[in-house]
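Commentary on secondary and tertiary structure
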Amino acid sequence: MYEKILVPLDGSELAEVALPYAEELAGRLGSEVILLHVCESAGAQYHHMHQLYIQKMVGATKRGAKKYLEKPGAQAITVRSAILDGHPAEQIVDFADEQGIDLIVIATHGWSGIRRWVMGSVADKVVRATKRPVALIRAKGVHHHVFEEGTMNKTLLSLDGSKESEAVIPYVEELASRLKGEVVLLHVVPPASPVYAIPGETAQFPYTQAEVELLKVDAGSYLEKVANALKGKHIKVRSEVRVGNTAHEIIKLADEVHADLVAMSTHGWSGITRWALGSTADKVLNGGNTPLLLVRSPGVSTK
C-alpha cells in the first residue's frame, strides 16, 4: 500500500519540508522513494542545474531514510529520481499514474501572513486531479515534534458513518499497525440537517436536543465497531464524538491531541469533475494546521 512514494520537488526549501516524511516512511516501511522535478524552462543549461539539484536530494534522502532502518545491515532504501518538462501539476499527476505510485507526499507553500494554502498552487491542482492518495505537508505551521518522534505516530481519522468515508481506513490501519502508532477516531454530529431545496441551494433545519443525543449514541456505536476492528489488529485507538461544524471540529481536535496527521476521504459529488469547494476536506485543507492525508473514495471522478 505504501510501496512507492512520490515526492515532487521544485528546488525550494519549502518543497523539501515533505522529505522527512517520505524518509521515515521509506525507512520504516521499506518504501521506494521517487523524487520528481518538473522543469518549466526547457533550456539545456537549466536542465543541467536541475539534474545537479535532484541528484543532491537523492543522496540526502537516502541518508535521511537510513537512520530509520531498524535492523543493522538492513537493505538500503531505494531512492530514484526523474526530471520532466512541462506543466508541473499535469506531469506529477500523469507520472504518478504511469508509475503506479501508492502515495504522493507534497508540500504546500502558502503565503506568509495567511492561514490557508494558495488556491491554484501546484499542490492544490494535484490534490484535485489525482486519484492517488496524497499526504499534504504544510510548509508553515508543522508541529516540530513530528520530526523527532515520528511523522505519523498519531493519526486523527475522521469518519461520518458512510462507506465513502471508510475508504481511508486501510491506509491508516497499515500506518498505525506498522509504525506502532495511535489512532484517534472522530465522528462529528451536525447540529442541523441540510435539506436540498433547489439545485445549488440548501436550507438548514436544526435538530432538537433529543435528536442530537440519539445521533451521538448512533455515532458512538459506529465508532466503537471501527475501534474494535482496529484493536483486533493490535492498534492503539480511542474515539470521540462531537457536535458542530465538521471541519472546525476536525481542526480543533487535531490541535488538542497534537495529531501528526489528519486522515480523511473525500466523497466528491456525483456528476461533478472535481472535489467540491466548500466540502469538509477542502475546509480542513485550507484551515488546518496539521499534515493531511486525503484518499479519494472509489467512484469519484477526477476528469
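Here, every reference points to the structure presented above.
Sequence order as written defines the numbering, with residues in each chain counted from 1. With pLDDT at 70 or above as the cut-off, local features in this predicted model cover only qualifying residues; side-chain atom pairs require 80 or more to be listed or tallied, and sums for whole chains, interfaces and linings still use all residues. Just so you know, side-chain values use all the structure's heavy atoms and leave hydrogens and water out.

**As for the sheet that holds strand β12 (residues 292-296)**
- Whether two strands pair depends on DSSP finding at least two bridges between them. Strands here mean DSSP runs of E at least two residues long; helices mean DSSP runs of H or I at least four residues long; both are numbered from the N terminus. Spatially, the ten strands line up as an open sheet ordered β3-β2-β1-β4-β5-β12-β11-β6-β7-β10, and their pairing is mixed. Each edge of the open sheet carries a strand with a single partner, namely β3 (79-85) and β10 (236-243). Across the sheet, the mean angle from the axis of one strand to that of its neighbour is 25°, orientation sign disregarded.
- Note that strand β2 (residues 32-39) and β3 share seven bridges and pair parallel. Only C-alpha atoms enter the line fits that serve as axes; for helices the fit covers just the stretch in contact. Angles between N-to-C directions range over 0 to 180 degrees.

**Thoughts on the pattern of salt bridges**
- When a carboxyl oxygen of Asp or Glu lies within 4 Å of a side-chain nitrogen of Lys or Arg, that pair is called a salt bridge. Here the structure, examined in full by the defined rule, presents twelve salt bridges.
- Across the salt bridge formed by K216 and E213, the nearest N and O atoms sit 3.8 Å from each other. A residue pair is termed a helical-turn pair when its members lie 3 or 4 positions apart in one helix, as K216 and E213 do in helix α7 (residues 209-231) at three residues.
- Given a relative accessible area of 31%, K216 falls into the partly exposed group.
- Summary of the burial criterion: residues with accessible area below 20% of their type's maximum are buried, those above 50% are exposed, and those between are partly exposed, where the area comes from a 1.4 Å probe applied to protein chains only. Judged by its relative accessible area of 36%, E213 is partly exposed.
- Between R242 and E240 there is a salt bridge whose closest N-O contact spans 2.7 Å.
- On the basis of relative accessible area, E240 is assigned to the partly exposed category, the value being 23%.
- Through salt bridges with shared partners, a single network forms among E240, R242, E249 and E256.

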